[in-house]
Amino acid sequence: MTIVLDDQATGSDSCYSCRQEASLATLPIRERILVGAGWRAAHAIRCALPGWLVLVARRHITTIADLDAAAAAELGVLCRTLSLALTDVTGCAKTYVAAFSEAPGFDHLHVHVIPRAHDVPVEERGPSIFRYLREPSAAWVPEAAMNDLARALAARITTTA
C-alpha cells in the first residue's frame, strides 16, 4: 500500500515517518511538538537523552538535496526555533544539528536537533552524543517525560512565534 502525502512524493508502509504523517491528527504531543508546512518536530524515540528532537520532512524524501526552496528555508528557521526553545526549557549549553537518515525504516529525511547539557563529559560531546541512541531500553526517556517536555517546548515556541 502506498501512502500519498502530497502530489510530489509518496512513501510506503515500511517508512516509519510516512506512517506517522498519515496519522498526524492522532499522534501524541511528543510526535507533533510543532507542525509546519514542510516539517514536523517530534521527540526522538528509543533515546536516552531528554529533549533530543527530530525535524521530520512531511513528504517522503531521503536527502536535503531533494528539498524545495521553501522547505529548505523553513528547515533553517525551525532549527533555530527548536534550538532556542531547547535552550530555554532544558538549560542546555548548545544544540547540535545533524542529518543521516540511514537506518533501515528511517531513510526518510529527518534532522536531529540535540540539546548538549553543560555537564556532558568532553568524551561524549560532538558525534559521540549519538551514544544516547544506543542505550538499552531501560535507559530510554519514558513517554510521559517526552510528552511533558513536548508540552513545555510547544508552549515556549508559541510564546516566541
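Our subject is the structure that appears above.
What you see is a predicted model, and the numbers here were worked out from it, not measured in a lab.

Q: Honestly, the pattern of salt bridges in this entry has me stumped. Any pointers?
A: Two side chains bearing opposite charge may form a pair once their charged atoms approach each other closely. Counting across every chain of the model gives six salt bridges. Of the charged contacts, one joins Glu124 and Arg131 as a salt bridge, the two residues approaching to 3.2 Å between their closest N and O atoms. Residue Arg131 is classed as partly exposed on the basis of its relative accessible area, which comes to 24%. Notably, a salt bridge pairs Arg131 with Glu135, separated by 2.4 Å at the nearest N-O pair. Classification of Glu135 by relative accessible area gives partly exposed; the value is 25%. If you follow the salt bridges from partner to partner, you end up with Glu124, Arg131 and Glu135 in one network.

Q: What should I look at first to understand the sheet that holds strand S5 (residues 53-57) in this one?
A: Sheet strands line up and pair through hydrogen bonds in the backbone, either parallel or antiparallel. Here we have five strands laid out as an open sheet, ordered S3-S4-S5-S7-S6, and antiparallel in their pairing. Two strands close off the open sheet at either side, each with one partner strand: strand S3 (34-35) and strand S6 (94-98). Of the strand pairs in this sheet, S5 and strand S7 (residues 110-116) are connected by four bridges, and their pairing is antiparallel. In the sheet register, Leu55 faces S7, and the bridge partner there is Val111. Along the sheet, helix H2 (residues 69-90) makes contact with S3, strand S4 (39-43), S5, S6 and S7, crossing S7 at roughly 25°.

Q: It is not clear to me how the side chain of Arg116 should be interpreted in this structure. Could you clarify?
A: Relative to the helices and strands, Arg116 is located in strand S7. Buried charge without a salt bridge: Arg116, with Asp119 as the nearest opposite-charge side chain at an N-O distance of 7.3 Å. Beyond its immediate stretch of four places on either side in the chain, Arg116 contacts Cys92, Ala93, Lys94, Tyr96, Arg125 and Ile129.

Criteria and cut-off values
- Residues numbered from 1 in each chain as written.
- Predicted model: local features only at pLDDT ≥ 70, side-chain atom pairs only at ≥ 80, totals over all residues.
- Heavy atoms only, no water.
- Salt bridge = Lys/Arg side-chain N within 4 Å of Asp/Glu carboxyl O.
- Buried < 20%, exposed > 50% of the residue type's maximum accessible area, 1.4 Å probe, protein only.
- Pairing = 2+ DSSP bridges.
- Helix = DSSP H or I, 4+ residues; strand = E, 2+ residues; numbered from the N terminus.
- Contact = heavy atoms within 4.5 Å.
- Axes fitted to C-alpha atoms, helices over the stretch in contact; angles between N-to-C directions.
- Lys, Arg positive; Asp, Glu negative; His and termini not counted.

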